[in-house]
Amino acid sequence: MTQEQFIQATKQAALNVAGKYGLNPYVTMAQSALETGWGKSAPGNMYFGIKASSTWSGKTQLLWTKEFINGKYTSVQALFRAYNTPEESFEDYAKLITSKSWFKKALQYVDNELQYITEIQKGGYATDPEYITKIMNIVATLKKKLILKP
């Protein structure tokens, strides 16, 4: 899948959850682009790499992933959420960001992509120390290619 194909395939889902939940559509798409390699890998329609905790009652899948642990990347197996459609993945991501207290501060900065993603990472979303830089680079790419308005 090319970047353009990914954008066309996910744009409406990102706009839908941005409008419904008050999220930043560029950051939402950027996170999805990073997590899937621009749509190249989305097993189980998993567009955000959300792990399945003991409270998750939906479908799951056991996958290998890399986590940044003790200063280095480590391959680990983890149980992830799985979905019937990409739209379900976007909806679940939006519910996670808006319902968990550790992400609430991010919602104060929805119009400031850098602060918004910084607060999401501070909430524990990603272990990669370069996560914010990677997301902001993708946001810049997306802004060159399209205008998103919820």
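Relevant structure appears above.
## Focus: the overall build of the protein
Per the secondary structure count, the protein includes five helices and two strands. Put simply, the protein runs from its N terminus to its C terminus through helices and strands in the order α-α-β-β-α-α-α. Whereas a compact globule of 150 residues would reach a radius of gyration of roughly 15 Å, the protein reaches 14 Å, a difference of no more than 12%. Along the longest, intermediate and shortest principal axes, the C-alpha atoms of the protein span 35 × 30 × 30 Å. The buried share of the protein, reckoned over its 150 residues, is 44%. Within the protein, residue pairs in contact and separated by at least 24 positions form 58% of the contacts whose partners lie at least 6 positions apart. Split by element, the accessible area of the protein, about 7,900 Å² in all, is 52% carbon and sulfur. Positive and negative charge centroids in the protein, built from 18 and 12 side chains respectively, lie 1 Å apart.

## Comments concerning the packing of aromatic side chains
How two aromatic rings sit relative to each other is set out by the distance from centre to centre and by the angle between their planes. By the definition in use, this model includes nine aromatic pairs. Ring centres of Phe48 and Phe90 lie 4.8 Å apart, and the angle between their planes is 85 degrees; this geometry places the pair in the edge-to-face category. Within this pair, whereas Phe48 is found in the loop between helix H2 (25-36) and strand E1 (60-69), its partner Phe90 is found in helix H3 (residues 86-99), the two being separated by 42 residues in sequence. Across this residue pair, the class does not change: Phe48 and Phe90 are buried. Centroid distance Phe48 to Tyr93: 4.2 Å. Interplanar angle 15 degrees. Geometry classified as stacked. A residue pair is termed long-range when its members are at least 10 positions apart, and Phe48 in the loop between H2 and E1 and Tyr93 in helix H3 qualify at 45 residues. For the pair Phe48 and Tyr93, one class covers both residues: buried. Chaining the aromatic ring pairs together yields one cluster made of Tyr47, Phe48, Phe90, Tyr93, Trp102, Phe103, Tyr125 and Tyr131.

## Observations regarding the layout of surface pockets
Of the volumes computed, that of the largest pocket is approximately 950 Å³. Taken together, 35 residues make up the lining of the largest pocket; nearest its centre are Glu35, Phe48, Gly49, Lys51 and Phe80. Within the residue set of the lining of the largest pocket, elements represented by two or more residues are H2, E1, strand E2 (72-81) and helix H5 (131-145). Ranked by residues supplied to the lining of the largest pocket, first place goes to E1 with six residues. A class-by-class count of the residues in the lining of the largest pocket yields 17 nonpolar, ten polar and eight charged.

## A closer look at helix H4 (residues 113-122)
Burial runs high along H4: seven of the ten residues are buried. Taken residue by residue, H4 has Glu113, Tyr116, Ile117, Thr118, Glu119, Ile120 and Gln121 as its buried positions. On the buried face of H4, the contacting elements are H2, H3 and H5. Positive phi shows up at Gly124, right after H4, with a value of about 100 degrees.

## Quick look at the environment of Phe48
Residue class for Phe48 comes out buried when judged on its relative accessible area of 1%. Separated by 41 residues in the primary sequence, Phe48 and Ser89 place their C-alpha atoms 7.1 Å from one another. In this structure Phe48 touches Thr28, Gln31, Ser32, Glu35, Ser89, Phe90, Tyr93 and Tyr125, once residues within four positions along its chain are discounted.

Each value, and the rule that gives it
- Residues numbered from 1 in each chain as written.
- Predicted model: local features only at pLDDT ≥ 70, side-chain atom pairs only at ≥ 80, totals over all residues.
- Heavy atoms only, no water.
- Helix = DSSP H or I, 4+ residues; strand = E, 2+ residues; numbered from the N terminus.
- Rg over C-alpha atoms; globule rule 2.2 N^0.38 Å.
- Buried < 20%, exposed > 50% of the residue type's maximum accessible area, 1.4 Å probe, protein only.
- Contact = heavy atoms within 4.5 Å.
- Areas by Shrake-Rupley, 256 points an atom, 1.4 Å probe, with all protein chains shown as cover.
- Lys, Arg positive; Asp, Glu negative; His and termini not counted.
- Charge placed at Lys NZ, Arg CZ, Asp CG, Glu CD.
- Phe/Tyr/Trp six-rings, centres within 6.5 Å; stacked < 30°, edge-to-face > 60°.
- 1 Å grid on protein atoms, 1.4 Å probe; cavity = no way out; pocket = protein on both sides within 12 Å on 5 of 7 lines; lining within 4 Å.
- Points joined across faces, edges and corners; volume = space filled by probe spheres on them.
- Nonpolar A, V, L, I, M, F, W, Y, C, P; charged D, E, K, R; others polar.

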